[in-house]
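# Examining the three-dimensional arrangement
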Amino acid sequence: MLSERRLEVLRAIVQDYVGTEEPVGSKALTERHNLGVSPATVRNDMAALEDEGYIAQPHTSAGRIPTDKGYRLFVDKLAAVKPMTPPERRAIQNFLEGAVDLDDVVARTVRLLAQLTRQVAVVQYPSLTRSTVRHVELLAMAPARVMLVLITDTGRVEQRMIDCPAPFGETSLADLRARLNSHVTGRRFADVPQLVQDLPEAFEPEDRGTVSTVLSTLLETLVEETEERLIIGGTANLTRFGHDFPLTIRPVLEALEEQVVLLKLLGEAKDPAMRVRIGHENAHEGLNSTSVVSVGYGSGGEAVAKLGVVGPTRMDYPGTMGAVRAVARYVGQILAES
């Protein structure tokens, strides 16, 4: 276990290196931080931190920089999540509340996260496998043509046109709409097929073909929409950190193009907890020089998807964690109200 003083020295090294981009020396530490000990003592503490793998000496520079292990200890023990200021919170809320639909919410969220953190932002669309049905609307477009509108609890709206095998009267359509909603409203997508399988039997024989057609279109819509989708923004922010990547940012850019890699990075969607993966904790080799901060978002206390940022390991962790958490909270509120 590191002593309290050595933890303070490590905290100071991380803060200075993140702020200045320069390796940190003992003299600068004692001048900038009130550590209450001499530069010689700080030098000894830095030597101990280096022996234990928390800091390292890059090439011939006299200063030291944090290692992945050093950043990990900083995030776990020393860093408090930095809350957003009231004006920042208002700006986030106003920006997100202007969204007109789910696609707009996701697009605005990505833009906002990239601007707030100046990192690469990644937002996963709410997964329909974890979504529930809010409402199913059926509209008569012609005697044998119906529009099906599916609305989910996350505000997603899907529309399908259905050509029915026979004309379907308004009374029958109203009956089907009422029965369908009483069966599926508030239920998870995965449960819907079983809930509606006996529904055609409740109708007259001449209407059963149309009811079955409507139901099969609904079930197809549910299956189609369960694939995971991501949106990414702010990739150009990486160019500001060229010197933070050992050789080139190309492996990072290549990794960011792979949807599967990003989904793994963000982690299990249903896990709402804040996750910080640092450097070599990222399994994908192209991302060994990056850190990923992610958190779940959703309505009603349950995460339906993840959002987060990718940046260099030399990251303002308290500020980034605060921004990611605040944005996730507001997105969740908007989904709940939509």
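Structure first, text after, so check above.
Residues numbered from 1 in each chain as written. Predicted model: local features only at pLDDT ≥ 70, side-chain atom pairs only at ≥ 80, totals over all residues. Heavy atoms only, no water.

Within the chain one finds 12 helices and 10 strands. Expected size for 338 residues packed as a compact globule is a radius of gyration near 20 Å; at 26 Å, the chain overshoots this value by more than 25%. Referenced to the eigenvectors of the C-alpha coordinate spread, the extents of the chain come out at roughly 90 × 40 × 35 Å. Expressed as a percentage of the 338 residues in the chain, the buried residues total 49%. Taking all contacts inside the chain whose residues are at least 6 apart in sequence as the whole, residues at least 24 apart take part in 61%. Summed over its atoms, the accessible surface of the chain is roughly 16200 Å², and 50% of this surface lies on carbon and sulfur atoms. Both charge centroids of the chain, one from 37 positive and one from 45 negative side chains, sit 8 Å from each other. (Helix = DSSP H or I, 4+ residues; strand = E, 2+ residues; numbered from the N terminus. Rg over C-alpha atoms; globule rule 2.2 N^0.38 Å. Buried < 20%, exposed > 50% of the residue type's maximum accessible area, 1.4 Å probe, protein only. Contact = heavy atoms within 4.5 Å. Areas by Shrake-Rupley, 256 points an atom, 1.4 Å probe, with all protein chains shown as cover. Lys, Arg positive; Asp, Glu negative; His and termini not counted. Charge placed at Lys NZ, Arg CZ, Asp CG, Glu CD.)

Now for the pattern of salt bridges. What the rule picks out here adds up to 15 salt bridges. For the salt bridge of Asp 16 with Arg 32, the shortest nitrogen-to-oxygen distance reads 2.9 Å. Of this pair, Asp 16 sits in helix H1 (residues 4-20) while Arg 32 is found in helix H2 (residues 26-32), placing the two residues 16 residues apart along the sequence. What makes Asp 16 buried here is its relative accessible area of 8%. Here Arg 177 ties to Glu 137 by a salt bridge, and the two come within 2.7 Å at their closest N and O atoms. Note that Arg 177 is positioned in helix H7 (residues 170-184) and Glu 137 in strand E4 (residues 133-142), a separation of 40 residues in sequence. On the accessibility criterion, Arg 177 (21% relative accessible area) is partly exposed. You can call Glu 137 partly exposed: its relative accessible area is 22%. One continuous salt-bridge network, built from bridges that share partners, spans Arg 5, Arg 6 and Asp 45. (Salt bridge = Lys/Arg side-chain N within 4 Å of Asp/Glu carboxyl O.)

This brings us to the environment of Ala 326. Looking at where Ala 326 falls in the secondary structure, it is placed in helix H12 (residues 317-337). Along the chain, Ala 326 and Ser 3 lie 323 residues apart, while their C-alpha atoms are 33 Å from each other. The residues contacting Ala 326, other than those within four sequence positions of it, are Met 84 and Ile 92.

Now for the sheet that holds strand E9 (residues 290-297). In a beta sheet, neighbouring strands are held together by backbone hydrogen bonds and run either parallel or antiparallel to one another. Across the sheet, five strands lie side by side as E7-E3-E10-E9-E8; this open sheet has antiparallel pairing. Because the sheet does not close on itself, it has two edges, and the strands there are strand E7 (230-233) and strand E8 (275-278). On average, each strand axis in the sheet is inclined to that of its neighbour by 15 degrees, with strand direction left out of account. The sheet contact formed by strand E3 (residues 120-124) and E7 spans four bridges and is antiparallel. Opposite Ala 121, over in E7, you have Gly 233 as the bridge partner. Sheet strands touched by helix H11 (residues 259-266): E3, E7, E8, E9 and strand E10 (305-312). Its angle to E7, the strand with the most contacts, is close to 90 degrees. (Pairing = 2+ DSSP bridges. Axes fitted to C-alpha atoms, helices over the stretch in contact; angles between N-to-C directions.)

Turning our attention to a nonpolar patch on the surface. A cluster of nonpolar side chains, namely Leu 139, Met 141 and Met 161, defines an oily patch on the protein surface of about 250 Å² accessible area. By secondary structure assignment, the location of Leu 139 is in strand E4. (Patch = residues over 30% accessible without salt bridge, like charges linked within 9 Å, V, L, I, M, F, W, Y side chains within 5 Å.)

With that settled, the discussion passes to the sheet that holds E4. Strand order across the open sheet formed by three strands is E4-E5-E6, with antiparallel pairing between neighbours. Of all strands in the sheet, those with a lone pairing partner are E4 and strand E6 (157-163), marking the two edges. Averaged over neighbouring strand pairs, the angle between their axes works out to 20 degrees when direction is ignored. With eight bridges connecting them, E4 and strand E5 (residues 145-152) associate as antiparallel partners. Bridge pairing in E5 places Glu 137 opposite Val 149. Helix-sheet contacts for H7 involve E4 and E5, and the interaxial angle to E4 is about 165 degrees.

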